[in-house]
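These are the residues of each chain, in order.
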Amino acid sequence: MIARVWRGWTDSIAAADHYEEFLRSTFLPSIHAIEGYRGASVIRRQVGQEVEFMTTTRFTSLEAIRKFAGDDYEAAHVAPRARELLSRFDPRCGHFELVIEDAPQS
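Residues numbered from 1 in each chain as written. Predicted model: local features only at pLDDT ≥ 70, side-chain atom pairs only at ≥ 80, totals over all residues. Heavy atoms only, no water.

> Describe the packing of aromatic side chains, with residues and values.
Using the criterion set out here, one finds 5 aromatic pairs in the structure. These aromatic residues form a ring-pair network of at least three members: Y37, F59 and F68. Cation over ring: R88 sits above W9, and NZ or CZ is 4.0 Å from the ring centre. (Phe/Tyr/Trp six-rings, centres within 6.5 Å; stacked < 30°, edge-to-face > 60°. Lys NZ or Arg CZ within 6 Å of the ring centre and 35° of its normal.)

The structure is reproduced here in structure tokens:
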């Protein structure tokens, strides 16, 4: 399993709330159709006047990511609506092999 990590920032809480809603209602549901996609986690925090988001998407392999992102798979693919809401973002994504995922038994 490969984790694709990316960060973006908004310049206000209002923009952050709109961005979060865009992720929930539009963007994340749309990527469920990508072959090899296995889910995402999004975390946010306020840093001064900005709100930082870190998104981790999980894929079965780098090949699955290449099918989604192309040969330059580390390039960030930022939707037009996200570009409207974010004040800045990382132009590149990091990719990590997921070696431990822990959760308590329910």
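> Please give an account of the side chain of E52 that cites residues and values.
Position of E52 among the secondary structure elements: in strand β3 (residues 50-59). A distance of 3.1 Å separates a polar atom in the side chain of E52 from a polar atom in the side chain of R7. Apart from the residues within four sequence positions on either side, E52 is in contact with R7, G8, W9, I43, R44, R45 and V47. (Helix = DSSP H or I, 4+ residues; strand = E, 2+ residues; numbered from the N terminus. Polar contact = N/O pair within 3.5 Å; in protein donor to acceptor, adjacent residues only side chain to side chain. Contact = heavy atoms within 4.5 Å.)

> I'd like a rundown of helix α1 (residues 13-30), residues and numbers included.
Between the first and last C-alpha of α1 there are 25 Å, a value that for 18 residues agrees with the 26 Å anticipated at 1.5 Å per step. At L23, α1 is deflected by roughly 45 degrees, the largest bend along its length. Considered for burial, the residues of α1 that qualify are A15, A16, Y19, F22, L23 and L28. Considering only its buried residues, α1 is in contact with β1 (2-10), β2 (37-47), β3 and α3 (80-85). (Expected span 1.5 Å × (residues − 1). Bend = angle between axes of the 7 residues up to and from the residue. Buried < 20%, exposed > 50% of the residue type's maximum accessible area, 1.4 Å probe, protein only.)

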